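Summary of structural features
The chain contents come next:
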Amino acid sequence: MLRRLVASVAAIVLVVEAAVLVLVHIVLGATTHNQAMSIAGMDPDVMSTATYVMGAGLGAFLLLGAVFLALTAVRDRAPGRFGRILLVVTALAHVLLGALAAALVGWAAFAATMLVFCLLVLTLTLYAKAVAGSAGEMKITSTSP
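Here's what I pulled together on the structure shown here. Keep in mind the model is a prediction, meaning the values are calculated, not measured.

1. Points about the overall build of the chain
Secondary structure summary: the chain contains 4 helices and 0 strands in total. For the chain, the sequential pattern of α-helices and β-strands runs α-α-α-α. Of the contacts formed within the chain by residues at least 6 apart in sequence, a portion of 67% connects residues at least 24 apart. Summing over all exposed atoms, the chain offers an accessible surface of approximately 9,300 Å²; the carbon and sulfur share of this is 75%.

2. Observations regarding the nonpolar core
Within the largest apolar cluster, 17 residues are counted, with the highest numbers of intra-cluster contacts made by L14, L62, L69, L87 and L120. The greatest single-element share of this core, amounting to 6 residues, is contributed by helix α1 (residues 2-35). With near-sequence residues (within four places) excluded, L87 lies in contact with G65, L69, P79, L120 and L124.

3. As for the layout of surface pockets
What the largest pocket holds in volume is close to 390 Å³. Along the walls of the largest pocket sit 16 residues, with E17, L21, A101, A109 and T113 positioned nearest its centre. At the level of elements, α1, α3 (81-104) and α4 (107-135) are the ones that each hand at least two residues to the lining of the largest pocket. Ranked by residue count, the leading element in the lining of the largest pocket is α1, at 6 residues. Of the residues belonging to the lining of the largest pocket, the class tally is 14 nonpolar, 1 polar and 1 charged.

Quick notes on the rules
- Residues numbered from 1 in each chain as written.
- Predicted model: local features only at pLDDT ≥ 70, side-chain atom pairs only at ≥ 80, totals over all residues.
- Heavy atoms only, no water.
- Helix = DSSP H or I, 4+ residues; strand = E, 2+ residues; numbered from the N terminus.
- Contact = heavy atoms within 4.5 Å.
- Areas by Shrake-Rupley, 256 points an atom, 1.4 Å probe, with all protein chains shown as cover.
- Core = buried A, V, L, I, M, F, W, Y, C linked by side-chain atoms within 4.5 Å.
- Buried < 20%, exposed > 50% of the residue type's maximum accessible area, 1.4 Å probe, protein only.
- 1 Å grid on protein atoms, 1.4 Å probe; cavity = no way out; pocket = protein on both sides within 12 Å on 5 of 7 lines; lining within 4 Å.
- Points joined across faces, edges and corners; volume = space filled by probe spheres on them.
- Nonpolar A, V, L, I, M, F, W, Y, C, P; charged D, E, K, R; others polar.

That is the geometry; function is a separate question.
Rendered as structure tokens:
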């Protein structure tokens, strides 16, 4: 019950976070395009396009993580190898986002990213215990003459 709840909440939070980050990148890209200013000689159109692409990529990455978390919650089974790797990479990305958020935005943004990080790690550890528990229940049968 707890495992499903944590995985479901983590999936919902990742979807919301993906939407917020895509919106932030759209605003940043539009601002860069409207200012038409060059930073270190770079073309403003290239910078705004790169911002849009980065926002779309980051949003897609987080949505993919949310899909794997939702599947994990619905099936109540640990994710497969690719799913675990994806969720670990998502957790590590939140650590990096948290460090940037603390430096650039503030401690409230850091706390929000660390909350998502904790949900991801909790999901991985709760389902890891279930996998270890089911592997430990293997019965050994012997045939005696």
